[in-house]
Amino acid sequence: MRKNIFVWIFAALVTAGLPVGSVWAQLTARLQVIHNAADPAAASVDIYVNGSLLLDDFAFRAATPFIDVPAGVLLNVAVAPGSSSSVGDAIATFPLTLDAGKTYIAAANGVLDPSAFASNPDMKSTGFTLFVTDMGRESAMNPGEVDIKVLHGATDAPTVDVIARGVATLVDDAAYGDQTPYLGVPAGSYTLDITPGNDNTTVVASFTADLSALGGGAAMVFASGFLTPSANQNGEAFGLFAALPDGTVIALPAAAEATARLQVIHNAADPAAASVDIYVNGSLLLDDFAFRAATPFIDVPAGVLLNVAVAPGSSSSVGDALASFPVTFDEGKTYIVTANGVLDPSAFAANPDMKSTGFTLFVTDMGRESAMNPGEVDIKVLHGATDAPTVDVIARGVATLVDDAAYGDQTPYLGVPAGSYTLDITPGNDNTTVVASFTADLSALGGGAAMVFASGFLTPSANQNGEAFGLFAALPDGRVIPLSSVTSVERLTDAQPSTFLAAYPNPVRDQATVSFSLERSDYAVLKIFDITGRQVLSMQQQDYQAGTHNIALNAANLLPGMYRVVLFTSRGATVSSLAVVR
């Protein structure tokens, strides 16, 4: 009904005084009108043409369909408040003459009194006006595509780009009032990222444009409203809208926030950074974050600049920061960020490989929260000890986890069967010399992953008596497990005795049996260690004959968790795992 009235009024406006059958009836253009003036005083307007009412109570963010209108004649288009009684109440009047055969889009835009609103950042005039283009389209050039045209119609917004994520830049350096040519894109759903014109790494806002059902059609996408409503008489907030050729206006919903996964590890051994506060974009994220602690993996914003500041644990604000790091995470990736190094390298031992040891963040976007194969554990290793040279880390009898890693190096993940391993650390150029050994009991981590990091100082006395060197494993849930140092007695020989050692039932609640066999008579002792390497039980120290022996183990007083059962003989040590549950 509205379309018919629209056509009839236009005809009436220009036929008065012309003879019947005049050529005027053959001179037409196509026109769509969009109301995009965000001034609250213009929330609803009346539009008059040549003094007669054309549109009554035309609402903000509404559009007419495309219709035929007279061409080649002067049309005085007047815009008045929605409560107007005649054209005499007009806010503004615009003379238009449309060319025959062309397709127009006229968007009412701006504010009535620019001095009462925030000024445009690019100093563009924001007074009430009509943005008119004669390049409108009602259909796409190609049947399977949607032709999109974009108008920057937000008075307080700066020059921007609009990027159809992963497809194309729709708007490049558009200031207020600019309109783009049409761009044809395949019918589908798109995420439109709005960025500053000179910085496509910072996404100001994102919107979802579902064009799946619009194949063969066209749309005028217009930026609308205010970035800062409070500075603009509390007008409508910024958004993107699409006017379709039939007059339908679709609000493009804000896109779901792009996220990445992140784990943070504190491995800076400087005693002055024993506890730190971490701020992100000025807000406190982690309070009193301890050395050798880790967060679980969490969702964090992706595609936006995050200023990560590290401050002393006693900080009162981000102004106390020791260092700041700009970070932008990619959507869908999994990151591990490790705080490492020392605040004043001149006050600590130099790195043997001349690597910089200043306080920094080691970042990898190849983190994992689970193993690639269910029965394995995926291990990644970081060399994070500032005074340690290039090393290899060898899972004894299994594989080399780290080959020639200098300070700051991180390895790819290596999947190993869930079990207990001895990790030997050797100089990078000499695998026959074992500098230190650690036990990594991964028996209970099948299907999981771990970030193993070298931590602390080889020579604490030369490094302000900071924490001594050790290996630690950060698990995806944020737990950090110290790997137990293997004593020189336990490392007496790589050729372990020909023994069998097992505990059953396993897991155990109260009573278990430890079974072991000896190839020959020997003096032996059984010891139980917790995951920190602390001895919790020692039993049955005596001479044993060759053969199989069963020893009763009372686990009732052991806390739930994982333990190492170690059989020491004169020929070395044999290790098995025991899980205690309640």
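Residues numbered from 1 in each chain as written. Predicted model: local features only at pLDDT ≥ 70, side-chain atom pairs only at ≥ 80, totals over all residues. Heavy atoms only, no water.

Draft legend 1. Here's a closer look at the nonpolar core. By size, the foremost hydrophobic cluster in this structure holds 28 residues, and its most contacted members are Ile-379, Leu-423, Leu-442, Val-452, Leu-471 and Leu-483. Going through the elements one at a time, strand 26 (376-383), strand 27 (391-395), strand 28 (399-405), strand 30 (420-427), strand 31 (436-441), strand 32 (449-455) and strand 33 (470-474) are the ones with two or more residues in this core. Ranked by size, the runner-up nonpolar core spans 27 residues in total, among them Leu-31, Leu-54, Val-79 and Ala-106. (Core = buried A, V, L, I, M, F, W, Y, C linked by side-chain atoms within 4.5 Å. Buried < 20%, exposed > 50% of the residue type's maximum accessible area, 1.4 Å probe, protein only. Helix = DSSP H or I, 4+ residues; strand = E, 2+ residues; numbered from the N terminus.)

Draft legend 2. Quick look at the side chain of His-152. The topology assignment puts His-152 in the loop between strand 9 (145-151) and strand 10 (160-164). Residue His-152 is classed as buried on the basis of its relative accessible area of 4%. A polar side-chain atom of His-152 sits 3.0 Å from the main-chain carbonyl oxygen of Pro-158. If we ignore the near neighbours within four places in the chain, the residues touching His-152 are Ala-157, Pro-158, Val-160, Ala-174, Ala-175, Tyr-176, Gly-177, Asp-178 and Ala-223. (Polar contact = N/O pair within 3.5 Å; in protein donor to acceptor, adjacent residues only side chain to side chain. Contact = heavy atoms within 4.5 Å.)

Draft legend 3. Region of the structure containing the pairing of strand 9. Most of strand 9 sits out of view: six of its seven residues are buried. In this structure, strand 9 lies alongside strand 12 (residues 183-186), joined through four bridges in antiparallel fashion. Looking at strand 12, one finds that Val-146 is bridged to Val-185. As paired strands, strand 9 and strand 15 (residues 218-224) are joined by five bridges and run parallel to one another. From the neighbouring strand, Val-150 faces strand 15, where its bridge partner is Val-221. (Pairing = 2+ DSSP bridges.)

Draft legend 4. A look at the sheet that holds strand 20 (residues 283-290). Ordered in space as 20-19-22-23, the four strands form an open sheet in which the pairing is antiparallel. One side of each edge strand has no neighbouring strand; the edge strands of this open sheet are strand 20 and strand 23 (323-328). Neighbour-to-neighbour, the strand axes of the sheet open up by a mean angle of 20°, direction not taken into account. One ladder, built from five bridges, connects strand 19 (residues 275-280) with strand 20; its direction is antiparallel. When the bridges of strand 20 are listed, Val-280 appears paired with Ser-283. (Axes fitted to C-alpha atoms, helices over the stretch in contact; angles between N-to-C directions.)

Draft legend 5. The arrangement of the sheet that holds strand 25 (residues 360-364) in detail. Reading across the sheet, the four strands line up as 21-18-24-25 and stay open at both edges, with mixed pairing between neighbours. Every other strand in the sheet has two partners, leaving strand 21 (298-301) and strand 25 as the edge strands with one partner each. Direction aside, the axes of adjacent strands within the sheet are offset by 40° on average. As paired elements, strand 18 (residues 259-266) and strand 24 (residues 334-340) share six bridges and run parallel to each other. What sits directly across from Ile-265, in strand 24, is Thr-338.

Everything listed here is a matter of geometry and, on its own, says nothing about what the molecule does.
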